[in-house]
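As a plain string of letters, each chain reads:
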Amino acid sequence: MTRTVPDTEDPTAGVRFTVRWGSMTHRGYVRTRNEDAFLADPPVFLVADGMGGHDAGDAASSITVEECRAFTGSRWVDVDGLHAAVASADERIRHVPSSSEARPGTTLTGIGLSQQGGTPCWLVFNVGDSRTYRFTERGLEQISVDHSRVQELIDAGELPSDADVPFGRNVITRALGMGAQRPPTLDKWLLVAVPGDRMLLCSDGLTDVVPDDLISQALLRAADPETAAGQLVALALEAGGRDNITAVVVDALDVRGYGPASSAAESTPATTLIGGGQ
Amino acid sequence: MRTTFGTALGWVPGEHHGLAWDGGCALIEGTVPLSTAIAVWSRMESGGDLSSFLQALTDVCDGSLLHVPGFAALMAREGSGHVAVRGSFVLVATSASGDVRCEGQGVTTWAERRLDAIDIARLAPVEPDAAAAGPPAAGDERPLVCGVVPASQLVWQVGSTRDEADPAASSVEAEPAALSAESIPLPPPRPETAVAPPDGPIGPTDDLPESEWGPADAPSGAGEGPAGLADHDGQTIMRGLSPLTSGDGVPGSLAAVLCDAGHVNPPGRSRCRACGKPVGGQKTMVAPGVPIGWVEASSGQSVELTGTIIVGRQPMAARVEGDRMPSLLALPFGHISGSHLEICVEGWAVFARDVNSTNGTFLLRGQEPPRRVPEDRIQLDSGDVLDLGHGVKLTFPEMA
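Residues numbered from 1 in each chain as written. Chains lettered and ligands numbered in written order. Predicted model: local features only at pLDDT ≥ 70, side-chain atom pairs only at ≥ 80, totals over all residues. Heavy atoms only, no water.

### So, the overall build of chain A
Line of reasoning, step 1. Scanning chain A from N- to C-terminus turns up 6 helices and 13 strands.
Line of reasoning, step 2. Relative to its 278 residues, chain A shows a buried fraction of 55%.
Line of reasoning, step 3. Sequence-distant contacts in chain A: of pairs separated by 6 or more residues, those separated by 24 or more amount to 73%.
Line of reasoning, step 4. Element-wise, carbon and sulfur atoms account for 50% of the exposed surface of chain A, whose accessible area totals about 11500 Å². (Helix = DSSP H or I, 4+ residues; strand = E, 2+ residues; numbered from the N terminus. Buried < 20%, exposed > 50% of the residue type's maximum accessible area, 1.4 Å probe, protein only. Contact = heavy atoms within 4.5 Å. Areas by Shrake-Rupley, 256 points an atom, 1.4 Å probe, with all protein chains shown as cover.)

Written out as C-alpha cells, the structure is:
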C-alpha cells in the first residue's frame, strides 16, 4: 500500500517522514473476547487494551480507536489534537453501559508522526500499562512508563527497577474512562526520528509473558514489520496466551527534515507512506 | 538659560544628584560621578521621554544594567506622568485621590508606572527618617528650573489645578542652577570598587517584595545565580526577570517593551534586538512561549529559546504531562550522549544543565577558564558558548 498526502500550502511540505508498518492481534487461548484494539493509520498508531467485562472492554478500546481516527488525513499528530481525542474518548467511555461491577476503561499507548521545526519526530503517548518501545542498533528501549502499582512502587524507590513481582502487575493507576481525573493525564515523549528506528506498540499480553531479549530477537530477525508483529504474537501464544495480545511495529524508512536543522534537506512536496495490512 | 519650564520644582540639598530639564526631573544615586549625572542631564535637556532617560543612563553606565545606579525619575506633562524608580529610591505622587508610592527596592531592573492627575511628586531616597519625615518643610526647598544639583529630595508641583489654586507655587521664579564646577559641590569620586562586581547582586536582593515586574523570588532572581549579568552587545540585557505569576494577565506571561516596529524586547533594552530601532518605554505583556533569542549549534542548526530544549545525539523529551513539548536539538555525533544537555528558559533568563552526559559540557565565557556545566542548572548570558567536545559547540549569539 502506498499513500501520498499532498499538502502544498504546508510549511512542513519539505519534511519527509516515510514509515512502513505491520500489526497483529490475537484473542489468546484463555479469554473469550479480544478487548484489545489498535489503529495503524498514519499519522497515528496506537494500541488500546480494554477492560470491564462483557462487551464493555471492547467498547472502551474501540471508542478510543475511533476518536483517534480524527487524525486521518492529517500529516502530523499534535499534542492538542491528542488531548482532544483522549478527552472525547474518555467522555464516551463513561457512558458505556456496563452490566458488571467493573467500570469499562482502556489503556492507550502509541505514536504520532510529528515534526518540530522541520525535524521529523515520534510523539509517543501513554495512559496505562500498554507499552511503546524503540528498537535501534543500540537495542530495545522502553519509552513509555507504565501507570501501574508496580511502577509506582519502583518510582517511589520501594522496588528495584527490574523487580519481577508476581502480583499487582495488572493493577493500573491510570486509564481512559474510569479515572477520578477527567480526562486522564496523557504522558508524552518526543523523540527525533532516525531512519532505521523500529517502534513497537503492544499490550501487556505480550510483555507480561515474553522477556525483552526474545522481543529484541524477533524485532532484529524480521525485516518486514508485519512479520515482526506476527512473530511477537506467536511468542506470546507459545508462552500460554493467557491474555489478549496485540503488537504494532512501525519502521522509519526515509526521514528528512528541512532548513538548517537538517543538512540533508530536500524539497519533496509530499510524504509517501508505505503500509502493511491491518 | 531656558525659561520655558512650565512647572515648579523644588530641591532639598543632599548627597544625590538632582536633575531637572524641560518636562522631567530625576534623582540619581550620589555614588555615581557628577560627570555621569551631567552627561545624562545634557542628553535629557535636548529633549526626550522616559525611555530616552533610561537609555541615556544605561549608555553612560557602560551600557550595562549592572552598573546603572539607583534613581527615581519622572517625566510629566499637564499632570500625567511616567515614572521609573530603581534601587533605594521612592517616588510619592500626590493627587486628589490620594498618594501613590513607587518604590525601586526589590526590583531587578526598575519599576515603571504611568500616573494621571498628579498634583505633587516627591522623589527621595528610601531612608527610615526621610520616609517618616514626609514632605520637607516649605522653607527647605530651593527652586530649580533646569540643571544638576546635589540634592536629597526633589519636589515637583506637576498639576495645573494646583497651580491655579496656589499661584505662588507656579510663579516661583527659580534661579537657574548653574552647571559649573564652581557652584556645584563635587561628591567624592566613586571608587571603581564601588561598582558592583559581575557576580554581585544587582541592587537589593533580599526578601524581594512584589514589584511592577511581579514577584522576583524565582530561582532566576538576581544575585542567586553563579553567573553574572553580562552586557552582551553594548546595549542592555538583564538577568533574573521572572515571569509574572499573577496580576498582569496570563500566568507565565512576560513583561516586555516594544520597539517602534512592535518587536518584543526585554525590559530595559534601549535598542530593538530584532531591528535595532529605539525601544520605547511602553511596557507590555507577552504570552508564554515567545522566543527570547536562539541557540546556534556549530553544526548549523538553530533553535529558538522558548520553554525547554533537550540537546543530544538522539534527544528525547520524556514523560511530559502538560500541553507544551520541549524542543529537541539533535547533534548526531558519537561522543555526545543521547540526551546530553537541557536548556530552559524562564522569563528572560536562560539556564543550562548537563543531564548526566558521558563526556560532559563545558561553559566558555569570555576570558574565564572553561568550567564544567553541572547537573544543577546554571544561568547563561548572551555570548556564552557551551562546548560539548570535538568542536561541537552551542552559542547564544549576541542579539542584533
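### Let's talk about the overall build of chain B
Line of reasoning, step 1. When you go through chain B residue by residue, the secondary structure sums to 5 helices and 25 strands.
Line of reasoning, step 2. Classification of the 400 residues of chain B by burial places 52% in the buried group.
Line of reasoning, step 3. Restricting to contacts in chain B with at least 6 residues of sequence separation, those with at least 24 account for 60%.
Line of reasoning, step 4. Carbon and sulfur atoms provide 52% of the accessible area of chain B, an area that totals close to 16800 Å².

### A closer look at the packing of aromatic side chains
Line of reasoning, step 1. What the rule picks out here adds up to 5 aromatic pairs over all chains.
Line of reasoning, step 2. On the numbers, 5.4 Å between centres and 65 degrees between planes, the contact of A:Trp21 with A:Phe45 is edge-to-face. Residue A:Trp21 is located in strand E2 (residues 16-26), and its partner A:Phe45 is located in strand E4 (residues 44-51); the two are separated by 24 residues in the primary sequence. Note on accessibility: A:Trp21 and A:Phe45 belong to one class, buried.
Line of reasoning, step 3. Ring centres 6.2 Å apart and planes at 55 degrees place the aromatic pair B:Phe71 and B:Trp110 in the tilted group. Note that B:Phe71 is positioned in strand E3 (residues 71-77) and B:Trp110 in the loop between strand E6 (98-103) and strand E7 (111-115), a separation of 39 residues in sequence.
Line of reasoning, step 4. Clustering of aromatic rings is evident, with ring pairs tying together B:Trp21, B:Phe53, B:Phe71 and B:Trp110.
Line of reasoning, step 5. Note that B:Arg142 overlies the ring of B:Trp11, its terminal NZ or CZ placed 5.6 Å from the centroid. (Phe/Tyr/Trp six-rings, centres within 6.5 Å; stacked < 30°, edge-to-face > 60°. Lys NZ or Arg CZ within 6 Å of the ring centre and 35° of its normal.)

### Observations regarding the pairing of E4(A)
Residues and elements named next belong to chain A.
Line of reasoning, step 1. With 7 of 8 residues buried, E4 is to be regarded as a mostly interior element.
Line of reasoning, step 2. Bridge count between strand E3 (residues 36-41) and E4: 6 bridges; the pairing is antiparallel. Bridge assignment links Phe38 to a residue of E4, and that residue is Val47.
Line of reasoning, step 3. Pairing of E4 with strand E5 (residues 105-106) involves 2 bridges; the strand directions are antiparallel. (Pairing = 2+ DSSP bridges.)

### Examining the packing of helix H1 (residues 34-45) of chain B against helix H2 (residues 50-60) of chain B
Geometrically, a packed helix pair is captured by the angle between its two axes and the distance between the axes.
All names here are of chain B.
Line of reasoning, step 1. Put simply, H1 and H2 touch, their axes get as near as 9 Å, and they point 145 degrees apart. Where H1 crosses over H2, the handedness of that crossing is right-handed. Each of Thr36, Ala39, Val40, Arg43 and Met44 in H1 lies in contact with H2, whose residues at this interface are Ser52, Phe53, Gln55, Ala56, Leu57, Asp59 and Val60.
Line of reasoning, step 2. Of the residues contributing to the contact of H1 with H2, the split by class is 7 nonpolar, 3 polar and 2 charged. (Axes fitted to C-alpha atoms, helices over the stretch in contact; angles between N-to-C directions. Left-handed = near helix turned anticlockwise from the far one by under 90°. Nonpolar A, V, L, I, M, F, W, Y, C, P; charged D, E, K, R; others polar.)

### Comments concerning unusual backbone geometry
Line of reasoning, step 1. The linkage connecting A:Pro42 with the following residue, A:Pro43, adopts the cis geometry, with an omega of 10 degrees.
Line of reasoning, step 2. At B:Arg319, a residue that is not glycine, the phi angle is positive and equals roughly 55 degrees.
Line of reasoning, step 3. Turning to its location among the elements, B:Arg319 is positioned in strand E17 (residues 316-320).
Line of reasoning, step 4. Judged by relative accessible area, which is 32%, B:Arg319 ranks as partly exposed.

### What to know about empty space enclosed by the protein
Residue and element names in this part refer to chain B.
Line of reasoning, step 1. One pass over the full model with this rule turns up 5 cavities of 30 Å³ or more.
Line of reasoning, step 2. Looking at the second largest cavity, its volume works out to about 100 Å³.
Line of reasoning, step 3. Where the lining of the second largest cavity is concerned, the elements lending two or more residues are H2 and strand E13 (279-286).
Line of reasoning, step 4. Counted by class, the lining of the second largest cavity contains 5 nonpolar, 7 polar and 2 charged residues. (1 Å grid on protein atoms, 1.4 Å probe; cavity = no way out; pocket = protein on both sides within 12 Å on 5 of 7 lines; lining within 4 Å. Points joined across faces, edges and corners; volume = space filled by probe spheres on them.)

### With respect to the pattern of salt bridges
Two side chains that carry opposite charge are able to pair once their charged atoms sit near each other.
All names here are of chain A.
Line of reasoning, step 1. Following the criterion strictly, the structure yields 22 salt bridges over all chains and no others.
Line of reasoning, step 2. Arg20 serves as the salt-bridge partner of Asp251, at 3.9 Å between the closest nitrogen and oxygen. In this pair, Asp251 sits in strand E12 (residues 245-256) while Arg20 sits in strand E2, placing the two residues 231 residues apart along the sequence.
Line of reasoning, step 3. Of the charged contacts in the structure, one is a salt bridge between Asp251 and Arg198, with a shortest N-O distance of 2.7 Å. Of this pair, Asp251 sits in strand E12 while Arg198 sits in strand E11 (residues 198-202), and the two are 53 residues apart along the sequence.
Line of reasoning, step 4. Classification of Asp251 as buried rests on a relative accessible area of 7%. (Salt bridge = Lys/Arg side-chain N within 4 Å of Asp/Glu carboxyl O.)

### Regarding the sheet that holds strand E8 (residues 131-136) of chain A
Residues and elements named next belong to chain A.
Line of reasoning, step 1. Taken together, 5 strands build an open sheet; the order of strands is E2-E12-E11-E8-E9 and the sheet is antiparallel. Both edges of this open sheet fall to E2 and strand E9 (139-142), since each of them pairs with a single strand only. Mean inter-strand twist for the sheet, computed between neighbouring axes without regard to direction, equals 20 degrees.
Line of reasoning, step 2. Relative to E9, E8 runs antiparallel, the two sharing 4 bridges. When the sheet's bridge partners are listed, Arg134 is paired in E9 with Glu141.
Line of reasoning, step 3. Strands E2, E11 and E12 of the sheet are contacted by helix H6 (residues 225-238), whose axis makes an angle of about 30 degrees with E2.

### As for the packing of helix H1 (residues 56-68) of chain A against helix H2 (residues 79-94) of chain A
All names here are of chain A.
Line of reasoning, step 1. Orientation of H1 relative to H2, taken along the N-to-C sense of each, is 150 degrees, at an axis distance of 9 Å. Crossing of H1 over H2 shows right-handed handedness. The segment H1 lies against H2, with Ala60, Ile63, Thr64, Glu66, Glu67 and Cys68 engaging Ala85, Ser88, Ala89, Arg92 and Ile93.
Line of reasoning, step 2. Here the residues of the contact of H1 with H2 sort into 6 nonpolar, 2 polar and 3 charged.

### Comments concerning H2(B)
Line of reasoning, step 1. Counting buried residues along H2(B), 8 of its 11 residues qualify, which places the element largely inside the surrounding structure.
Line of reasoning, step 2. For H2(B), the set of buried residues is B:Leu50, B:Ser51, B:Phe53, B:Leu54, B:Gln55, B:Ala56, B:Leu57 and B:Thr58.

### Examining the sheet that holds strand E14 (residues 294-297) of chain B
Residues and elements named next belong to chain B.
Line of reasoning, step 1. Ordered in space as E15-E14-E25-E24-E21-E22, the 6 strands form an open sheet in which the pairing is antiparallel. For this open sheet the edge positions go to strand E15 (302-304) and strand E22 (371-372), each flanked by a neighbour on one side alone.
Line of reasoning, step 2. Of the pairings in the sheet, the one linking strand E21 (residues 362-364) to E22 comprises 2 bridges and is antiparallel in character. If you follow Phe362 over to E22, its bridge partner there is Arg372.

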